Amino acid sequence: MTDTTSNQMWGGRFAAGPDAIMEAINASIGFDKRMAAQDIAGSRAHAAMLAATGIVSDSDAEAMREGLLTVLSEIEGGSFEFSTALEDIHMNVEARLKAIIGEAAGRLHTGRSRNDQVATDFKLWVRDQLDATAKGLLALIDALLTQAEAGADWVMPGFTHLQTAQPVTWGHHMMAYVEMFGRDLSRVRDARARMNECPLGAAALAGTSFPIDREMTAKALGFDRPAANSLDAVSDRDFALEFLSTASLCAMHLSRMAEELVIWSSAQFRFVALSDRFSTGSSIMPQKKNPDAAELIRAKIGRIFGANVALMTVMKGLPLAYSKDMQEDKEQVFDAADNLMLALAAMEGMVRDMSAHRENLEAAAGSGFSTATDLADWLVRVLGMPFREAHHVTGSLVALAEGKGCDLPELNLEDMQAVHGDIDASVYDVLGVHNSVASRTSYGGTAPEQVRAQIARWKEALK
């Protein structure tokens, strides 16, 4: 087969033939250059250890460490020229280091492999993202606590099936999301603690015959300990998968809240007003104020879920230890991390800026027979009815009110006594929405005193 025929088959993108295809599929520098800072930190720690153990001279190690700082400065300053021919961030850095310090650069790779090097770089990068995620979650929780405290006793409808169920408080609703994002924060912290073992020194897969000090490099890079098995150290991507799993749960919670903000800000609900900073207008309808930030957050879950599934699929069939398939581990994680951080920041901004319409919330809280459960509870508590009978009587009263076009508190006593003769005027004490929420004093309930207690608990926990 001639080169001309081959090129027609491959298309113009790969005019140079098989070599161009192999370079394109093999190179990772287009995305793993994001780990430059982590790569250089790992190499500087490795160089210091090589000198401390006598594997390289102090002068060579110092040249390496200073040269690596120069490389980092060039990368951060934008003057570094990345080469696809050099495949990845490791070889790009090493080649530039050799140009700066000469032969000593060739000793940097003693006692390690690109396998343990990339695992270390990636762990450092994911660890940084977990730390950033924790900060984003803390900021969002703080914004929710502020909203909860302001509206601890504001009444609003609580929903099941998106149908009016029982009155709750605005503060209680905000605190539900605090609990959700608090669990996300807990998972982030757990994941960070579990992944904090250093792969560096595992070398290609079997360790090394050089007298390296893995405790030293682990400590220098902020790890709790070296990874205990060299095979596992270079082939483990659980830390990336756990990040994606945690990110997926967090994104799902963000999506649920985004959905509520979309509904609440609609003209039909008017529960909240989102600030102009997180809304857009319509190109044709001048009256529109669209909750685009919330809608985009709601959509981010697809990308983050997709990243989780994609990396699971890459890893599911790999034998020990390293396989080139694992080069496909980073782009998904990078994209998920970027989108999670963007969604967290946008949600925090929306929550901090949004204004809840107290009057609209209260008006809606009293609609849809929302105090029917309070009436049934009163029948049980005061008249001693079995709950099933109380449920039936309450249903009859709801049907009566519905027929009259009024709500339960608007039924007169004679109407109620026509359904059950033992009902007396004290029933009205439980039918107002404020009385309803005030009565829900069980731990974790919606009563303002309970909401304020939970706010105080969270504030103390986050100190």
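Our structure's up above, just so we're on the same page.
Definitions and cut-offs
Residues numbered from 1 in each chain as written. Predicted model: local features only at pLDDT ≥ 70, side-chain atom pairs only at ≥ 80, totals over all residues. Heavy atoms only, no water. Helix = DSSP H or I, 4+ residues; strand = E, 2+ residues; numbered from the N terminus. Rg over C-alpha atoms; globule rule 2.2 N^0.38 Å. Buried < 20%, exposed > 50% of the residue type's maximum accessible area, 1.4 Å probe, protein only. Contact = heavy atoms within 4.5 Å. Areas by Shrake-Rupley, 256 points an atom, 1.4 Å probe, with all protein chains shown as cover. Lys, Arg positive; Asp, Glu negative; His and termini not counted. Charge placed at Lys NZ, Arg CZ, Asp CG, Glu CD. Phe/Tyr/Trp six-rings, centres within 6.5 Å; stacked < 30°, edge-to-face > 60°. Patch = residues over 30% accessible without salt bridge, like charges linked within 9 Å, V, L, I, M, F, W, Y side chains within 5 Å. Salt bridge = Lys/Arg side-chain N within 4 Å of Asp/Glu carboxyl O. 1 Å grid on protein atoms, 1.4 Å probe; cavity = no way out; pocket = protein on both sides within 12 Å on 5 of 7 lines; lining within 4 Å. Points joined across faces, edges and corners; volume = space filled by probe spheres on them. Polar contact = N/O pair within 3.5 Å; in protein donor to acceptor, adjacent residues only side chain to side chain.

## Re the overall build of the protein
Looking only at helices and strands, the protein has 20 helices and six strands in total. Over its C-alpha atoms the protein spans a radius of gyration of 31 Å, topping by over 25% the 23 Å that the globule rule assigns to 463 residues. In terms of overall dimensions, the protein has a C-alpha envelope of 100 × 55 × 40 Å along the principal axes. Out of the 463 residues belonging to the protein, those deemed buried represent 48%. Long-range contacts, defined here as pairs at least 24 residues apart, represent 73% of the contacts in the protein between residues at least 6 apart. Carbon and sulfur atoms make up 52% of the accessible area of the protein, which amounts to about 21700 Å² in all. Of note, the protein has its 43 positive side-chain charges centred 2 Å away from the centre of its 62 negative side-chain charges.

## With respect to the packing of aromatic side chains
In this structure the tally under the stated criterion is nine aromatic pairs. Judged by centre distance (5.5 Å) and plane angle (75 degrees), the ring pair of Phe122 and Phe239 falls under edge-to-face. Pair noted here: Phe122 is in helix α7 (residues 114–150) and Phe239 is in helix α11 (residues 238–264), with a separation of 117 residues, a long-range link. Phe239 matches Phe122 in its accessibility class, with the two residues each being buried. Look at Phe269 and Phe271: their rings are 5.1 Å apart centre to centre, the planes differ by 75 degrees, and that puts the pair in the edge-to-face class. Residue Phe271 is classed as buried on the basis of its relative accessible area of 3%.

## Some points on a nonpolar patch on the surface
On the surface, Leu205, Leu231 and Leu320 cluster together into a nonpolar patch covering about 270 Å² of accessible area. Mapped onto the elements of the fold, Leu320 is located in the loop between α12 (292–315) and α13 (330–353).

## What about unusual backbone geometry?
The amide bond that connects Leu320 to the next residue, Ala321, takes the cis arrangement and shows omega of 5 degrees. Note on placement: Ala321 falls in the loop between α12 and α13. You will see that His161, though not glycine, has its phi angle at about 60 degrees, which is positive. For His161, the location among the structural elements is in the loop between β1 (155–160) and β2 (163–169). You can call His161 exposed: its relative accessible area is 74%. In this model, Leu162 sits at a positive phi of 60 degrees, which is unusual for a non-glycine residue. In this fold, Leu162 is placed in the loop between β1 and β2.

## Structural notes on the environment of Ser83
Positionally, Ser83 belongs in the loop between α5 (58–77) and α6 (89–101). A residue is classified by how much of its surface remains accessible, and Ser83, at 22% relative accessible area, is partly exposed. Once you skip the residues sitting within four places of it in the chain, Ser83 turns out to touch Ile29 and Asn92.

## Examining empty space enclosed by the protein
Enumeration over the complete set of coordinates arrives at one cavity of 30 Å³ or more. Its boundaries defined by the atoms lining it, the largest cavity holds a volume of some 30 Å³. Along the walls of the largest cavity sit Asp39, Ser43, His90, Val93, Glu94, Leu108, Arg112 and Gln117, which together make up its complete lining. For the lining of the largest cavity, the secondary-structure elements that each account for two or more residues are α4 (36–52) and α6.

## Things to note about the side chain of Gln38
Relative to the helices and strands, Gln38 is located in helix α4. Here the side chain of Gln38 touches Asp128 through a polar contact of 2.9 Å, side chain to side chain. Not counting residues within four places of it along the chain, the set of residues in contact with Gln38 comprises Asp121, Leu124, Trp125 and Asp128.

Geometric descriptors of this kind do not, in isolation, establish any biological role.
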